Amino acid sequence: DHRDLHSFPTRRSSDLTPLSTENLELKLEDKIVHMSITGNIKPESMTQGLDWIHELDAEDDDFNLRIDMAQGEFDDLAAISAEFKRVATVLRHSKSAKKCALMTDSMFLRNSAKVEGAVIPGLEVRTFDLDEETPAERWLKGEALIQEGDEGYEPEDRKSTRLNSSHTYDLV
């Protein structure tokens, strides 16, 4: 009976040990992979990161990615560009990831992420400023970006009233 094949105990993705190297950190929390890059990643660290992602892919087919890359952590545009190419490799290898939030203060990375997101089937990429942690996490979890209690929040029924009352009409 084929059901017996699924009765073997397996490691859960929640048991995956966080990875921490000199400039790369990977951890899984609430179905979100947090990837922090704080400088040039050595080839052996990149290999470890890809292995970590492959292990997660094998164990879990439903997770999202949050990547933190602050421009100030890199010497120049060439360095940040080189590291983002490595990140793009991780994105292409994350077969089970559905969404990726890139947290950055670099306009170059924001634009690069949009291009990368357009060429990776099944992965939705969105960029956020470094101080937009709450909206990024909410988006990754499928929650509303602005919620009751947030600054600027308006209930849906007030929004529609306000929008409808702001129409102008040209009389001919």
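Residues numbered from 1 in each chain as written. Predicted model: local features only at pLDDT ≥ 70, side-chain atom pairs only at ≥ 80, totals over all residues. Heavy atoms only, no water.

A. Examining the pattern of salt bridges more closely. If you walk through the whole model with that rule in mind, you get seven salt bridges. The closest approach of N and O atoms between Asp68 and Arg66, which form a salt bridge, is 2.8 Å. Look at Arg66 and you get buried, because its relative accessible area is 7%. With a closest N to O distance of 2.9 Å, Glu137 and Arg66 form a salt bridge. You can see Glu137 sitting in helix H4 (residues 133-140) and its partner Arg66 sitting in strand S4 (residues 63-69), a full 71 residues away along the chain. Owing to a relative accessible area of 15%, Glu137 belongs among the buried residues under this scheme. Via salt bridges that share partners, Arg66, Asp68, Glu133 and Glu137 belong to a single interconnected network. (Salt bridge = Lys/Arg side-chain N within 4 Å of Asp/Glu carboxyl O. Buried < 20%, exposed > 50% of the residue type's maximum accessible area, 1.4 Å probe, protein only. Helix = DSSP H or I, 4+ residues; strand = E, 2+ residues; numbered from the N terminus.)

B. Examining the packing of helix H1 (residues 43-59) against helix H2 (residues 77-93) more closely. Remark: H1 packs on H2, axes separated minimally by 10 Å, with the N-to-C direction vectors making an angle of 20°. Here H1 lies roughly parallel to H2, going by the angle between them. Taken as a pair, H1 and H2 cross one another with a handedness that is right-handed. Here H1 contributes Met46, Leu50, Ile53, His54 and Asp57 to the contact with H2, which in turn contributes Arg86, Thr89, Val90 and His93. Partitioning the contact of H1 with H2 into residue classes produces four nonpolar, three polar and two charged. (Axes fitted to C-alpha atoms, helices over the stretch in contact; angles between N-to-C directions. Parallel < 35°, antiparallel > 145°, perpendicular 65-115°, else oblique. Left-handed = near helix turned anticlockwise from the far one by under 90°. Contact = heavy atoms within 4.5 Å. Nonpolar A, V, L, I, M, F, W, Y, C, P; charged D, E, K, R; others polar.)

C. Layout of the sheet that holds strand S2 (residues 24-29). Across the sheet, which stays open at both edges, the six strands sit in the order S1-S2-S3-S4-S5-S6 with mixed pairing between neighbours. Either end of the sheet is taken by a strand with one partner, and the two such strands are strand S1 (19-20) and strand S6 (124-128). Two elements, S2 and strand S3 (residues 32-37), share six bridges in a ladder whose sense is antiparallel. By the bridge assignment, Leu28 is partnered in S3 with Val33. Of the strands in this sheet, S1, S2, S3 and S4 touch H1, which is tilted by about 15° from S2. The sheet strands contacting helix H3 (residues 107-119) are S4, strand S5 (97-104) and S6, and the helix crosses S6 at an angle near 170°. (Pairing = 2+ DSSP bridges.)

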